[in-house]
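What the coordinates show
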Amino acid sequence: MSKGNSATKDKDKEKLVPSIKKQQQDASRREAAATKRMQDIMRQFGTILRQITQHKWAWPFMQPVDVEGLGLHDYFEVIDKPMDFSTIKNQMEAKDGTGYKHVREICADVRLVFKNAMKYNDERSDVHVMAKTLLAKFEEKWLQLLPKVTEEETRREEEEAEAELAMQLAQEAAHAKMARDLTNELFEVDVHLEELREMVVKRCRKTSTEEKRKLGAALTRLSPDDLSKALEIVAQHNPNFQANAEEVDLDMDAQSESTLWSLKFFVKEALEVQDKKNNKRKRELCDAIAIASKKTKKVPKE
């Protein structure tokens, strides 16, 4: 009854936890929805980008810097990562999966356009002043969009945390089901084996007095470990038998046929293994004696 109640409780818990496959499907839907929301935010960012690029001072930053044409031989020594608005636009419109995944990536590149110009050009130069002015305008407009970005990031983190917890629960439920199924299978195997043992015992003839005497003698030949196992077999068939007592009185006539046959099978196998080990030790001892004898044998003088 306790086994059945435990299984029922486990099944009830599993019903409350969606399967791993269901969790994976939900995760795919959440990812698709989050991607769509981020794309909407990136489109809003595109409006800000158009306002900046349409400014009268944006023209120096629209295309990659013509390093050779302008004779800027040290440009790549000063600037580690060149950036311009045409490159940003192309990456925003990329359809092969190489484009921006998050609006902050676009924001970082827009800042890089202006910071590169400010870094390479003297602060009193026109390009430096133009870049600094446009960067300030961009930061002002970015602050207006930032709350939506932060809200989306917070929502994404919360969804991922919930999804991770749900997946963990689903995996634990799946493992519990596997363990329970395996336990049930092993239980059924044990029941079937017990039925087979009983069938074998019923079909076997009754143990004679002489066979009981020989079985008792064979028990005395067992190693201490095997003898303990044999007594455990008796205890399994007879709950009142004290297998771990200091002195054990084993009455063969008082044992059931199933107990006697179980003991016969066990003792036969144990003694065969024991004899193999003893024979191996004897062979090793004989080989050692033969080797020692050859080493000590005197060579006759000529």
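Residues numbered from 1 in each chain as written. Predicted model: local features only at pLDDT ≥ 70, side-chain atom pairs only at ≥ 80, totals over all residues. Heavy atoms only, no water.

Examining the overall build of the protein
- Within the protein one finds 10 helices and zero strands.
- Helices (α) and strands (β) of the protein occur, in sequence order from the N terminus, as α-α-α-α-α-α-α-α-α-α.
- Buried positions account for 27% of the 302 residues belonging to the protein.
- Sequence-distant contacts, at least 24 apart, represent 73% of the contacts inside the protein between residues at least 6 apart.
- Surface exposure of the protein reaches about 22000 Å², of which carbon and sulfur atoms provide 54%. (Helix = DSSP H or I, 4+ residues; strand = E, 2+ residues; numbered from the N terminus. Buried < 20%, exposed > 50% of the residue type's maximum accessible area, 1.4 Å probe, protein only. Contact = heavy atoms within 4.5 Å. Areas by Shrake-Rupley, 256 points an atom, 1.4 Å probe, with all protein chains shown as cover.)

Observations concerning the packing of aromatic side chains
- Applying the stated criterion to the full structure yields seven aromatic pairs.
- Between F61 and F114, the ring centres sit 5.4 Å apart and the planes meet at 85°, which makes this aromatic pair edge-to-face. Taken together, the positions of F61 in the loop between α2 (20-53) and α3 (67-70) and F114 in helix α6 (residues 103-120) put the pair 53 residues apart, joining distant regions of the chain.
- Look at F61 and you get buried, because its relative accessible area is 5%.
- By relative accessible area, which is 0% here, F114 ends up buried.
- Their ring planes at 45° and their centres at 5.9 Å tell us that W261 and F265 sit as a pair that is tilted. (Phe/Tyr/Trp six-rings, centres within 6.5 Å; stacked < 30°, edge-to-face > 60°.)

Things to note about the side chain of S262
- By the secondary structure assignment, S262 is in helix α10 (residues 257-296).
- If we skip the residues at most four places from it in the chain, S262 touches I233 and H237.

What to know about the confidence of the model for the protein
- Across the protein, the average pLDDT comes to 84, with 88% of residues at 70 or higher.
- Of all secondary-structure elements in the protein, the lowest mean pLDDT belongs to helix α1 (residues 2-16), at 52, while α6 reaches the highest, 96. (pLDDT = per-residue confidence, 0-100.)

Considering the pattern of salt bridges
- A complete count under the given rule lists 18 salt bridges for this structure.
- Salt-bridge contacts for D40 lead to K36; the nearest nitrogen and oxygen are separated by 3.9 Å. You can see D40 and its partner K36 sitting in helix α2, four residues apart, about one turn around the helix.
- A relative accessible area of 27% places D40 in the partly exposed class.
- Close ionic contact of R37 with E152 constitutes a salt bridge, the shortest N to O distance being 2.7 Å. With a gap of 115 residues between them, R37 in helix α2 and E152 in helix α7 (residues 126-203) connect regions that are remote in the sequence. As far as burial versus exposure is concerned, R37 and E152 are alike and both buried.
- Among the charged side chains, a salt-bridge network with shared partners connects R37, E152, R155 and E159. (Salt bridge = Lys/Arg side-chain N within 4 Å of Asp/Glu carboxyl O.)

Side note on the nonpolar core
- Core analysis: the biggest nonpolar cluster contains 28 residues, and F45, F61, F85, I88, V110, F114 and F138 have the highest contact counts within it.
- Among the elements of the structure, α2, α5 (85-92), α6 and α7 are those that each provide at least two residues to this core.
- For this core, the element with the most residues is α7, which contributes eight residues.
- Apart from residues lying up to four places away in sequence, I88 is in contact with L49, M83, Y100, I106, D109, V110 and V113. (Core = buried A, V, L, I, M, F, W, Y, C linked by side-chain atoms within 4.5 Å.)

Brief notes about α6
- The end-to-end C-alpha separation of α6 is 26 Å, in line with the 26 Å expected for 18 residues at 1.5 Å each.
- Of all the positions in α6, only V103, I106, C107, D109, V110, V113, F114, N116 and A117 are classed as buried. (Expected span 1.5 Å × (residues − 1).)

Examining a nonpolar patch on the surface
- A contiguous nonpolar patch, built from V189, L193, L196 and M199 and spanning about 310 Å² of accessible area, is present on the exposed surface.
- Residue position: L196 is located in helix α7. (Patch = residues over 30% accessible without salt bridge, like charges linked within 9 Å, V, L, I, M, F, W, Y side chains within 5 Å.)

As for the packing of α5 against α6
- Their axes nearest at 10 Å, the elements α5 and α6 cross at an angle of 170°. Compared by their axis directions, α5 and α6 come out roughly antiparallel. Judged by the sense of rotation from one axis to the other, the crossing of α5 with α6 is right-handed. Contacts between α5 and α6 involve F85, I88 and M92 from the first element and I106, D109, V110, V113 and F114 from the second. (Axes fitted to C-alpha atoms, helices over the stretch in contact; angles between N-to-C directions. Parallel < 35°, antiparallel > 145°, perpendicular 65-115°, else oblique. Left-handed = near helix turned anticlockwise from the far one by under 90°.)

Concerning the side chain of E159
- Among the structural elements, E159 can be located in helix α7.
- For E159, a relative accessible area of 17% gives the class buried.
- Leaving out residues up to four positions away in the same chain, E159 has contacts with R30 and R37.

A short note on the environment of K212
- Within the secondary structure, K212 sits in helix α8 (residues 209-220).
- The residues contacting K212, other than those within four sequence positions of it, are T207, M252, D253 and L260.

Quick look at the environment of R104
- Tracing the sequence through the fold places R104 in helix α6.
- For R104, a relative accessible area of 35% puts it in the partly exposed group.
- If sequence neighbours within four positions are ignored, R104 has contacts with W142, L146, V149, T150 and E153.

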